[in-house]
Amino acid sequence: DRIQGGFFSDVIDKTPQEEVLETPSGLTGVRMLEFDLLNFVNFEADIHFAEDEGIVQVENFGTHVRTDGFVLYGIKIEAIMDHGADNVSLDL
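On a predicted model such as this, the values are computed, not experimentally measured, just so you know.

The rules we used
- Note on numbering: residues in each chain are counted from 1, in written sequence order.
- The predicted nature of this model means local features are confined to residues of pLDDT at least 70 and side-chain atom pairs, given and counted, to a pLDDT of 80 or more, with totals for whole chains, interfaces and linings taken over all residues.
- Only heavy atoms go into the side-chain values, all of them from the structure, while hydrogens and water stay out.
- By this definition, two strands are paired if DSSP reports at least two bridges between them.
- Runs of E in the DSSP output that reach at least two residues are strands. Runs of H or I that reach at least four are helices, and both are numbered from the N terminus.
- Like charges within 9 Å and nonpolar side chains (Val, Leu, Ile, Met, Phe, Trp, Tyr) within 5 Å are joined into patches, using only residues over 30% in relative accessible area that form no salt bridge.
- Throughout, the Shrake-Rupley method with a 1.4 Å probe supplies accessible areas, and for residues the shown protein chains are the sole cover considered.
- For salt bridges, the criterion is a side-chain nitrogen of Lys or Arg within 4 Å of an Asp or Glu carboxyl oxygen.
- Buried means the residue's accessible area, taken with a 1.4 Å probe over protein chains only, is under 20% of the maximum for its type, while exposed means over 50%, and partly exposed covers the values in between.

K.L.:
What exactly am I supposed to notice about the pairing of strand β3 (residues 40–47) here?
P.N.:
Consecutive side chains along a regular strand alternate between the two faces of the sheet. Here strand β2 (residues 28–36) runs beside β3; their pairing, made up of eight bridges, is antiparallel. Across the sheet, G29 pairs through a bridge with D46, a residue of β3. As paired strands, β3 and strand β4 (residues 59–66) are joined by eight bridges and run antiparallel to one another. Bridge assignment links N42 to a residue of β4, and that residue is H64.

K.L.:
Just checking my understanding: could you explain a nonpolar patch on the surface for this structure?
P.N.:
A grouping of I75, I77, I80 and M81 is seen on the molecular surface, where their side chains present a nonpolar patch of about 430 Å² in accessible area. Inspection of the secondary structure assignment puts M81 in the loop between β6 (79–80) and β7 (83–84).

K.L.:
Mind showing me how you'd approach the pattern of salt bridges here?
P.N.:
Pairs can form between side chains of opposite charge once their charged atoms are near each other. A complete count under the given rule lists three salt bridges for this structure. Across the salt bridge formed by D46 and R31, the nearest N and O atoms sit 2.9 Å from each other. Placement of D46 in strand β3 and of R31 in strand β2 is noted, with a sequence separation of 15 residues between them. Relative accessible area serves as the criterion here: at 16%, D46 is assigned to the buried category.

Take it as geometry only, folks, not as evidence of what the structure does.
In structure tokens form, the structure reads like this:
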């Protein structure tokens with residue numbers, strides 16, 4: 001396995017020789033699930049963003065990318081505010 005995943009940020013490490021990198025909240029963790037070098041890659045991303053007190057927000061989604069350019073992504077919504085999964089509008 002060449003790719004283990006990691007955290008991604010828009011912050012540039014100005015001292016890469018150091019063992020510490022301080023970044024603001026809002027990192028995205030990416031995990032490679034499976035891949036075929038010639039056909040596709042499947043990965044999952046977790047978004048870590050600080051929320052106000054009392055707000056619980058879990059954000060993760062999966063993505064499938066094929067070599068022909070086809071991209072498929074999915075997310076499961078369990079609740080938004082006080083609306084359960086059966087009462088969520090998906091107006092995009």
